[in-house]
Amino acid sequence: MERKLVSVQRVDHLEPIAGADNIQKARVMGWDVVVKKGEFAPGDPCIFFEIDSLLPEGAPWAEFMRPRGFRVKTARLRGVLSQGLALPISILPGAVPPHGTDVRDVLGVVKYEPALSDGREISGPFPGQVPRTDEIRLQSALGVLEELRGHDFYVTTKLDGTSATFFRPLEGELVACSRNWALARGASHPAWRIADKYALDTVLPAGFAVQGELCGPGIQKNRLGLTEVELFVFSVHDTRTGRYLDHAGLIGFCAEHKLRTVPVEHVVTGDAARTFDHGLEHYLKLAQGFYTGTRNRKEGIVVRPLTECHSPTLGGRLSFKVINNDFLLKDED
Ligand code: ATP
Ligand code: MN
Ligand code: MN
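What you are looking at is a predicted structure, and each value in this text was computed from that prediction instead of being measured. (Residues numbered from 1 in each chain as written. Chains lettered and ligands numbered in written order. Predicted model: local features only at pLDDT ≥ 70, side-chain atom pairs only at ≥ 80, totals over all residues. Heavy atoms only, no water.)

Here's the deal with the nonpolar core
Right, on to step 1. In this structure, Phe-166, Leu-200, Leu-214, Val-233 and Leu-259 are the most contacted members of the largest nonpolar core, which totals 24 residues.
Right, on to step 2. Among the elements of the structure, strand 14 (162-167), helix 3 (191-197), strand 17 (208-215), strand 18 (230-238) and helix 5 (247-256) are those that each provide at least two residues to this core.
Right, on to step 3. In terms of residue count, helix 3 provides more of this core than any other element does, 4 residues in total.
Right, on to step 4. Counting residues in hydrophobic clusters, the runner-up holds 23 residues, among them Val-268, Val-303, Phe-320 and Val-322. (Core = buried A, V, L, I, M, F, W, Y, C linked by side-chain atoms within 4.5 Å. Buried < 20%, exposed > 50% of the residue type's maximum accessible area, 1.4 Å probe, protein only. Helix = DSSP H or I, 4+ residues; strand = E, 2+ residues; numbered from the N terminus.)

Focus on the side chain of Ser-53
Right, on to step 1. Mapping Ser-53 onto the fold places it in strand 6 (residues 53-54).
Right, on to step 2. In this structure, Ser-53 is in contact with Leu-5, Val-6, Phe-70, Arg-71, Val-72, Val-109 and Val-110, ignoring residues within four places of it in sequence. (Contact = heavy atoms within 4.5 Å.)

Some words on the sheet that holds strand 1 (residues 6-10)
Right, on to step 1. An order of 1-5-9 is seen for the 3 strands of this open sheet, with the pairing classed as antiparallel. Either end of the sheet is taken by a strand with one partner, and the two such strands are strand 1 and strand 9 (85-88). On average, each strand axis in the sheet is tilted by 40° relative to the strand beside it, whichever way the strands run.
Right, on to step 2. Note: strand 1 against strand 5 (residues 45-49), 5 bridges, orientation antiparallel. (Pairing = 2+ DSSP bridges. Axes fitted to C-alpha atoms, helices over the stretch in contact; angles between N-to-C directions.)

Structural notes on the state of the cysteines
Right, on to step 1. The tally for this structure, following the rule as stated, stands at 0 disulfides.
Right, on to step 2. As a non-bridged cysteine, Cys-215 has Cys-254 as the owner of its nearest cysteine sulfur, 14 Å distant.
Right, on to step 3. Assessed through its relative accessible area of 4%, Cys-215 is described here as buried. (Disulfide = S-S within 2.5 Å.)

So, the packing of aromatic side chains
Right, on to step 1. Enumeration according to the criterion identifies 6 aromatic pairs in this entry.
Right, on to step 2. Here Trp-31 and Phe-48 contribute two aromatic rings whose centre-to-centre distance is 6.5 Å and whose plane-to-plane angle is 20°, an arrangement assigned as stacked. Of this pair, Trp-31 sits in strand 4 (residues 31-36) while Phe-48 sits in strand 5; the two residues are 17 residues apart in sequence, bridging distant segments of the chain. A single burial state applies to Trp-31 and to Phe-48, both of which are buried.
Right, on to step 3. These aromatic residues form a ring-pair network of at least three members: Phe-153, Phe-276, Tyr-283 and Phe-320.
Right, on to step 4. Positioned above the aromatic ring of Tyr-112, the side-chain terminus of Arg-71 is 3.7 Å from the ring centre.
Right, on to step 5. The ring centre of Tyr-244 lies 3.5 Å from the NZ or CZ of Arg-317, which sits over that ring. (Phe/Tyr/Trp six-rings, centres within 6.5 Å; stacked < 30°, edge-to-face > 60°. Lys NZ or Arg CZ within 6 Å of the ring centre and 35° of its normal.)

Quick look at unusual backbone geometry
Right, on to step 1. Phi at Met-29 is positive, roughly 50°, even though this residue is not glycine.
Right, on to step 2. Summarising the element assignment, Met-29 is placed in the loop between strand 3 (23-28) and strand 4.
Right, on to step 3. The phi angle at Gln-220 is positive, at roughly 45°, despite the residue not being glycine.
Right, on to step 4. Along the polypeptide, Gln-220 turns up in the loop between strand 17 and strand 18.

Quick look at the pattern of salt bridges
Right, on to step 1. Tallied over the full model, the rule gives 19 salt bridges.
Right, on to step 2. In this structure, Asp-32 and Arg-27 form a salt bridge, with 3.2 Å as the shortest nitrogen-oxygen distance.
Right, on to step 3. On the accessibility criterion, Asp-32 (25% relative accessible area) is partly exposed.
Right, on to step 4. On the basis of relative accessibility, which here comes to 25%, the residue Arg-27 falls in the partly exposed class.
Right, on to step 5. For Glu-63, the salt bridge goes to Arg-66, with nearest N and O atoms at 2.6 Å.
Right, on to step 6. Judged by relative accessible area, Glu-63 falls into the partly exposed class, the value being 33%.
Right, on to step 7. Salt bridges linked by common partners bring Lys-197, Glu-228, Glu-230 and Arg-260 together as one network. (Salt bridge = Lys/Arg side-chain N within 4 Å of Asp/Glu carboxyl O.)

Here's the deal with the confidence of the model for the protein
Right, on to step 1. Summing up the model confidence of the protein, the mean pLDDT is 94 and the portion of residues at 70 or higher is 97%.
Right, on to step 2. Taken over the whole predicted complex, pTM reads 0.82, whereas the ipTM for its chain interfaces reads 0.94. (pLDDT = per-residue confidence, 0-100.)

Laid out in structure tokens, this is it:
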């Protein structure tokens, strides 16, 4: 399921920024975003662009972003955190579409990708039976908090490496994939080295896909300070049933096959789950902190129910990420 990178939303609230004459702080979904003064009144529709929207070159409405390479990033303006971009609905051609409409394609926006894969490294498309790895940002899907209420759940550390999927089809050989592609065996991508290290072609039961974060030297900034590349599993998918293993299933699977999981920070059950503060502010606090044993800020957390749940808000598995705002600012991500 693709999240809505660019959609029709509403400016719920506006407030002045001390010492600033031309800008205001607006609230759109769960996001605080700085807007031009006078461009919106509370309740107005807007076009909201999430972080990592790459605006089209050549569109007059996007021209002001040229100095920033057309990429929407987290910024701090006059001391106010601004995440995303809100522009007037008038940039859209034609009639105003309904609230929530995805307008990424009509506006020609794409998601910023840090690096495109080299053609020689790829052996084919990402396998169709396996869902790609992705997590929605909590601030874009506040409805998930109501959906999580009353469920036992767990919180893992979001690792800042690169996504890998290992799939053993019912027939045929192991496939190792990056976020979007099946990788050639000789590729310089570390996924195949990990596949060999864990003998995944024999260890993985047929029909299963293991998904995790590759971390280590040469990957992002190696914030875990590892001396060699390691795989931290966050999902196991059974393609025969089309379902993910639940938390206990994943822990058991990894123990059995001697795989590591992403760090589990909290498992919240029973009374603690019933009385848990599911407010945005609380989650933003939980997302703060450092990778254990390092002085490196963690990227954030990922939250999921212990038992897999369907989320009506997401139209898929109930699972979301909360990015550490300190991390976003430091890395201008
Ligand atoms: P970016 O391109 O900015 O790095 P991303 O590829 O990390 O983005 P996001 O949408 O930010 O994608 O986050 C989802 C990704 O986070 C997943 O695809 C997965 O690779 C990674 N991830 C890291 N730690 C975890 C975790 N504990 N649970 C689930 N996913 C995780
Ligand atoms: Mn994503
Ligand atoms: Mn990432």
